[in-house]
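Structure assessment
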Amino acid sequence: MNFPQNRAFEWVSQNLQPFVLGVLVLLATARFLYVLWPKWRIFRQVPGEDRFKYPLKRLGHTFRIAFLQAKMFKEAKAGWMHALIFWGFLIFLLRAAWFFFIGFFPAVELDGGGLETLYFFFKDSFIVLVTLAAIYALYRRTVERPERLTLSLEGIVILVLILAIMMSDALFDAGWQARNPQASMSGAWLGSLIAPMLSVFEVTAIIHLHNMAYWMHVICTLYFMTLLPGSKHFHIVTSIPNVFFSNGFEGGNQLHRIDFENEELENYGVSKIEEFSWKKLLDLHTCTECGRCDVACPALASGKPLSPKQLTVDLRDHLNNETPHLLDNDPQRSDGPLLLGGIINDETIWSCTTCGACEEECPVMIEYVNKVVDLRRGLVLMENRYPAEFANAFKSLETQSNPWGFGSNTRADWAQELDIKTWDKNNPTEYLYFVGCNGSFDDRGKKIATAVVHSLKSAGVAFSILGNDEGCTGDPARRAGNEYLFDMLASKNAELFKEKSVMKIVTHCPHCFNSLKNEYAEFGVELDVIHH
Ligand code: SF4
Ligand code: SF4
């Protein structure tokens, strides 16, 4: 027999089936769009961000992270569990389409030949794998209850729906096979295996089971769909695009210059949720609340009031609460809680070390550092609010180009006895050794800088330093949200690099490395930066 002949018309007749199914699909789609539409409108309303560059790299990255689930296997059991459910989801998308197709076109027969047999073999194998994975997921959520997970009834409902979809799929094939024992179901091995067990029932019961399996499958699928946009399981829809639009394949944190010359710009950084770009809002909707970021976060581990997961959840909930007001331009919106100092405490924002460990762990490539810096920019540039100890650092950076206030004319003192060339643009060396503030002023840093100099000399590397002309990259100011100060320092350095024709740099510390390599291109210099 051909599988397309597998139809159940006893509960709903062949003529009526497309209409009944049509009403159900219409209701589910209407509900899905009703919840999705406001989110989509907000996306179109908020600031843009170019995340379309390097489409091929993005596709490769998406294939590795999303489709191969590359980040999931750091925890083997949870990784396999999630990967099997995800791969099964992809396989069952086609099966769901087939269930709806036979409902809408009950008389049409399709014959996929060998491919169909192959598909049914995989499909049945994945019914078993996904069922085992979903049972394990239920066990984890109800018995193991790992601390990092947010446990919710909704998560249980989704798992039960997945199990129902798997069971009804197998039962639908088995019911048909039991009703037609002479038919061969090549590929659909699970249905064939279960069919003989159904012979304990009377024929009418088997017919009911067969019909029930069909309607259970389509109703559970549609209900599953309606739950997605209003819950954390929206990540099922958003995670693949979120990975595609992420910049995990590039270095840096996607921190961009603010155009301070632009008089039309009214806000710097983010003080209201709608000032985040669409990509950052997509991040918020994509969080699975798995808590992997929390496990990796050094701030949380050291008792600071920062849980990256909670930060994302709080921002997402605030976004959802504000969405109707934003769409209506509701003037009463100002009565709601403020984002800075209300929804998110200042202390939480200042607790982040901007290390990026959370981003490294996040399986759906949610970015944190750029959001934290956006919020800090809002605090520093718009509200002039920052920890007291920052005031001296900002002043020192501005006047002496280092955060500790050492005289800028003493920057090269550490190198006096070391016989190092100072960069000469008429006779440049291959490399500039960019010592940075740590290597220039910190006692331990100076020892490291001295050791680097000895190593470079021993290796025969031709290098010079900028001496007292060197200035802070501005990284501490940028990470602290003082983008104006960063812009000033980076512009000055970039001009110096251009004037002195510096192209290859060896950096002393990871902060200078990241800043010069990933953040100076916007200042008009393309540098070849390597770490010592
Ligand atoms: S970037 Fe911030 S939130 Fe993320 S792990 Fe580091 S300290 Fe925690
Ligand atoms: S941000 Fe990423 S790692 Fe953290 S809870 Fe959300 S999905 Fe998990």
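Analysis parameters
- Residues numbered from 1 in each chain as written.
- Chains lettered and ligands numbered in written order.
- Predicted model: local features only at pLDDT ≥ 70, side-chain atom pairs only at ≥ 80, totals over all residues.
- Heavy atoms only, no water.
- Domains from an automatic or database assignment.
- Near = heavy atom within 4 Å.
- 1 Å grid on protein atoms, 1.4 Å probe; cavity = no way out; pocket = protein on both sides within 12 Å on 5 of 7 lines; lining within 4 Å.
- Sits in = over half its atoms within 2 Å of the grid points.
- Nonpolar A, V, L, I, M, F, W, Y, C, P; charged D, E, K, R; others polar.
- Pairing = 2+ DSSP bridges.
- Helix = DSSP H or I, 4+ residues; strand = E, 2+ residues; numbered from the N terminus.
- Patch = residues over 30% accessible without salt bridge, like charges linked within 9 Å, V, L, I, M, F, W, Y side chains within 5 Å.
- Areas by Shrake-Rupley, 256 points an atom, 1.4 Å probe, with all protein chains shown as cover.
- Salt bridge = Lys/Arg side-chain N within 4 Å of Asp/Glu carboxyl O.
- Buried < 20%, exposed > 50% of the residue type's maximum accessible area, 1.4 Å probe, protein only.
- Right-handed = clockwise from strand over helix to strand, strands pointing away.
- Expected span 1.5 Å × (residues − 1).
- Contact = heavy atoms within 4.5 Å.
- Lys, Arg positive; Asp, Glu negative; His and termini not counted.
- Charge placed at Lys NZ, Arg CZ, Asp CG, Glu CD.
- Axes fitted to C-alpha atoms, helices over the stretch in contact; angles between N-to-C directions.
- Parallel < 35°, antiparallel > 145°, perpendicular 65-115°, else oblique.
- Left-handed = near helix turned anticlockwise from the far one by under 90°.

Describing the domain arrangement of the protein chain
Structurally, the protein chain comprises domain 1 (3-244), domain 2 (273-386) and domain 3 (403-531). On a C-alpha basis, the centroid separation for the pair domain 1 and domain 3 is 55 Å.

Let's talk about the site of ligand 2
Near ligand 2, the surroundings consist of 13 residues, among which Cys-287, Cys-290, Gly-291, Cys-293 and Cys-362 are the closest. For ligand 2, the cavity whose grid points lie within 2 Å of the majority of its atoms is the second largest cavity. Residues of the shell around ligand 2, tallied by class, amount to eight nonpolar, two polar and three charged.

Examining the pairing of strand β3 (residues 504-507)
Across three bridges, strand β1 (residues 431-434) lies against β3 in parallel orientation. Following the sheet pairing, Phe-434 is matched in β3 by Thr-507.

Structural notes on a nonpolar patch on the surface
Judged by side-chain polarity, Leu-115, Leu-118, Phe-121, Phe-122, Val-128, Leu-132, Trp-189 and Leu-193 come together as a nonpolar surface patch covering roughly 780 Å² of accessible area. Breaking the nonpolar patch down by element, the ones donating at least two residues are α4 (113-144) and α6 (189-194). Per-element tally for the nonpolar patch: the top contributor is α4, with six residues. The residue Leu-115 is located in helix α4 in this model.

A short note on the site of ligand 1
If you check the shell around ligand 1, you find Cys-297, Pro-298, Leu-306, Pro-308, Cys-352, Thr-353, Thr-354, Cys-355, Gly-356, Ala-357 and Cys-358 and nothing else. Judged by the fraction of its atoms near the pocket grid, ligand 1 is located in the largest cavity. Class assignment of the residues belonging to the shell around ligand 1 gives a composition of eight nonpolar, three polar and no charged.

Structural notes on the pattern of salt bridges
Considering all chains together, one arrives at 29 salt bridges under this definition. In this structure, the salt-bridge partner of Glu-361 is Lys-74, at a minimum N-O distance of 3.3 Å. In this pair, Glu-361 is assigned in helix α14 (residues 357-361) and Lys-74 in the loop between α2 (55-67) and α3 (76-104), connecting sequence segments 287 residues apart. Lys-74 sits in the exposed class, given a relative accessible area of 51%. Here Lys-371 makes a salt bridge to Asp-283, at a shortest N to O gap of 2.9 Å. Of this pair, Lys-371 sits in helix α15 (residues 369-382) while Asp-283 is found in helix α9 (residues 278-286), placing the two residues 88 residues apart along the sequence. Both residues of the pair, Lys-371 and Asp-283, count as buried. It is possible to trace a salt-bridge network through shared partners that takes in Arg-377, Asp-475, Arg-478, Arg-479, Glu-483 and Glu-519.

Some details on the pairing of strand β4 (residues 528-531)
As defined by bridge partners, β3 adjoins β4 across four bridges and the pair is classed as parallel. Looking at the pairing, Lys-504 lines up with Asp-528 of β4. Since β3 and β4 lie parallel, the crossover through helix α21 (residues 510-519) that links them has a hand, and here it is right-handed.

Considering helix α20 (residues 483-499)
Over its 17 residues, α20 extends 24 Å from the first C-alpha to the last, a length consistent with the 24 Å expected when each residue adds 1.5 Å. Against the buried residues of α20 lie α15, α16 (388-400), β1, α19 (475-479), β3 and α21. Looking at the residues trailing α20, positive phi occurs at Ser-501, about 55 degrees.

Details of a negative patch on the surface
Together, Asp-259, Glu-261, Glu-263 and Glu-264 give the surface a local cluster of negative charge. Tracing the sequence through the fold places Asp-259 in the loop between α8 (235-245) and α9. Under the relative-accessibility criterion, Asp-259 is labelled partly exposed at 43%.

Focus on the packing of α2 against α8
Axis separation between α2 and α8 bottoms out at 8 Å; the angle between their running directions is 135 degrees. The angle between α2 and α8 falls in the class oblique. Where α2 crosses over α8, the handedness of that crossing is right-handed. Facing α2, whose interface residues are Pro-55, Arg-58, Leu-59, His-61, Thr-62, Ile-65, Ala-66 and Phe-67, α8 presents Ile-240, Val-243, Phe-244 and Phe-245.

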